[in-house]
Amino acid sequence: MSSILVYLSTSDDKIRRSSLEVLSRCREIADRDGADVAVVLASGSASGLVGEAASYGADRVYAVVNPEFDGHLNAPLAALLSQIVSVESPRLVAMAGTEGAKDVVGSLSVKAGLPVLPDVSSFDVAGNEVVAVRPVMAAKKLARVRSAAPSVIVTVRSGSYAAVAKEGRGERVDYSFDYAESVGTAVLRDVASAKVGAVDLSEASVVVSAGRGVKDADGKALLEKLASTLGAAIGATRAVVENGLYPATAQIGQTGKVVSPELYIAVGISGAIQHVAGMANSRVIVAINKDEDAPIFQYATYGIVGDLYRILPALTEAIEQS
Amino acid sequence: MVLNAYDASAVEEALVLRDQFGGHINLLLVGPQSAAETIRKALAMGADSATHLVYEASSDLDSGAISEILAAELSGAEYDVVLCGKQAQDTDAGLTGGMLAERLGLPYTTNAVGLEIDGGQIVVTRQGDSGRETILLPTPCLVTCSNDMNDPRIPSLKGIMASKKKPISSRPVESAPDNATTMVGFVEPPQRPAVTMIDGTDEAEAVERLVRELKNTSKVLQ
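Computed from a predicted model, the values in this text were never measured in an experiment.

**Details of the pattern of salt bridges**
(1) Moving on: In total, this model carries 33 salt bridges over all chains according to the counting rule given.
(2) Moving on: The partner of A:Lys111 in a salt bridge is B:Glu102, with the nearest N and O atoms 3.3 Å apart. Taken as a pair, A:Lys111 in helix H4 (residues 99–112) and B:Glu102 in helix H4 (residues 96–104) lie in two separate chains rather than in one.
(3) Moving on: The exposure class assigned to A:Lys111 is partly exposed, which follows from its relative accessible area of 38%.
(4) Moving on: For B:Glu102, a relative accessible area of 21% translates into the label partly exposed.
(5) Moving on: Measuring nitrogen to oxygen at the nearest pair gives 3.0 Å for the salt bridge that ties A:Arg310 to B:Glu203. Of the two residues, A:Arg310 is situated in helix H9 (residues 308–321) and B:Glu203 in helix H6 (residues 203–216); the pairing between them involves two chains.

**Brief notes about the nonpolar core**
Residues and elements named next belong to chain A.
(1) Moving on: Ranked by internal contacts, the top residues of the largest apolar core, which has 44 residues, are Leu80 and Met95.
(2) Moving on: Once residues within four sequence positions are removed from consideration, Leu80 is found in contact with Val40, Ala42, Val64, Phe69, Tyr175 and Phe177.
(3) Moving on: Judged by nonpolar contacts, the second largest core, of 41 residues, contains Ala227, Leu245, Ile265 and Ala318.

**A few points about the sheet that holds strand S5 (residues 121–127) of chain B**
Pairing between the strands of a sheet comes from backbone hydrogen bonds, and it takes one of two forms, parallel or antiparallel.
(1) Moving on: Pairing in this open sheet of 6 strands is mixed, and the strands run S13(A)-S6(B)-S5(B)-S4(B)-S7(B)-S3(B) from one edge to the other. Among the strands making up the open sheet, the edge pair consists of strand S13 (187–193) of chain A together with strand S3 (81–85) of chain B. Across the sheet, the mean angle separating the axes of adjacent strands is 35 degrees when strand polarity is ignored.
(2) Moving on: As judged from the 5 bridges shared by S3(B) and strand S7 (residues 141–145) of chain B, these two strands associate in the parallel manner. Paired with B:Leu83 across the strands is B:Val143, a residue of S7(B).
(3) Moving on: Those strands touched by helix H1 (residues 5–21) of chain B are S3, strand S4 (108–118) and S7 of chain B, and its axis lies near 150 degrees from that of S3(B).

**Considering the sheet that holds strand S9 (residues 182–187) of chain B**
(1) Moving on: Spatially, the 4 strands line up as an open sheet ordered S8(A)-S9(A)-S10(A)-S9(B), and their pairing is antiparallel. The open sheet is flanked by strand S8 (122–126) of chain A together with S9 of chain B, the only strands paired with a single partner. Pairs of neighbouring strands in the sheet enclose a mean axial angle of 25 degrees, with direction left out of account.
(2) Moving on: Pairing analysis gives 5 bridges linking S8(A) to strand S9 (residues 129–136) of chain A, with the strands arranged antiparallel. Bridging from a neighbouring strand, A:Phe123 pairs with A:Ala132 of S9(A).

How each quantity is defined
- Residues numbered from 1 in each chain as written.
- Chains lettered and ligands numbered in written order.
- Predicted model: local features only at pLDDT ≥ 70, side-chain atom pairs only at ≥ 80, totals over all residues.
- Heavy atoms only, no water.
- Salt bridge = Lys/Arg side-chain N within 4 Å of Asp/Glu carboxyl O.
- Helix = DSSP H or I, 4+ residues; strand = E, 2+ residues; numbered from the N terminus.
- Buried < 20%, exposed > 50% of the residue type's maximum accessible area, 1.4 Å probe, protein only.
- Core = buried A, V, L, I, M, F, W, Y, C linked by side-chain atoms within 4.5 Å.
- Contact = heavy atoms within 4.5 Å.
- Pairing = 2+ DSSP bridges.
- Axes fitted to C-alpha atoms, helices over the stretch in contact; angles between N-to-C directions.

The analysis is restricted to geometry; functional conclusions fall outside its scope.
And the structure:
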């Protein structure tokens, strides 16, 4: 095997943790199979991130320094990745399954002539096949999928692997790329950033998440107090987003973000399968709900049946004191 | 057969656009004979006509193969916008739209939660990783729709009656392209350990026990 290519997505001048997770997994496969790991960094801050990419296992770093990549348009990124695929001829192209990546892979697949195994929770190279496991039917089942193509793209769910520091050679390849030529006809007019809380949801090791039981500003304040005490990110169900209590960037589930933190606290969440699909792989799940028959308790590690307006302040206080 | 929820949002968005700006909505489906029922449902919502590419084993085809069949059908056709659901609600793959756009050479965007027309351009709001992105696309273009875009209408009795008279052009897919990926089988997700229930009637006692468990048993708190 020659090489594995990893696209590293950045946010706020940092490499996303989900991208480092994918890089770590690829380093592991490459070490076993005697291959190189090449990575692509395309962002205004790409130069400053070469060292970090190397420290998580990158042997070659294609650094494309251009702030235009920080505002997302799919055509230039698909064109760039397709070009680097033709330079590297990698056995595997892997990337974190962010909304940005999902927007690019369809086009990249056709441009580069590579099939895609999308949204996988594990992947490997086995003989002449790339094999993977992907949650389907709102994560109720796991499908085993494979491709015998000579080169295959995988997009990977966040939290599927641990990000582990391991030095790669870190050779920088300055790749010149004509952004204007590849941008095509689409124009990015605006990005309305909608951050919730101080911690990024897909990077967080603790998530406190609001369901329909959180009814008003008071409930929201209690939840946010707990989140800040725990240093947690804030999530929400689709119902809560629709009610306007939180923006869609906080939405967890089949159509929102997929998270798998160490600790997930589900507050007033009934546990509809569409929501569970986005959080069922969390290591420890605490559910607080007044309805003892709520389906969320089937997935929980610990369940408290009670009124969240009384439980939340007591829990915040108990954590502060401990 | 049910209409995929994301596809229903695409149909709804098409209806809104047509009712505002005029035009004609043609539905395009690759699927078995029995999927004609699904087409009727979308016609009953208000679409004008449909093309049914009949392939009995369509669920064995991967996104690459499906997008190739769709692209062959649409190449040379005239349209302003191709709307797709952002993913299938069973496989959640979400690839067909982007693949189809690339095969047709169309600009596209995915995961749309809003769509407007402004001076002949399509203005798409898409849910990105850190917020909502507003993207302008010229026509023709392709957009994949989120279920957060709208609430698809329930067909009225009048709509259902009218749908029976709407034309469906139905013909077989003679030879499907080869799959590049294969679904081998299913495995059951790992079972989670049984839940430990804590009575919350006395909240002080309940949270004290919870914090103790989180520290000592689960070791997620310091």
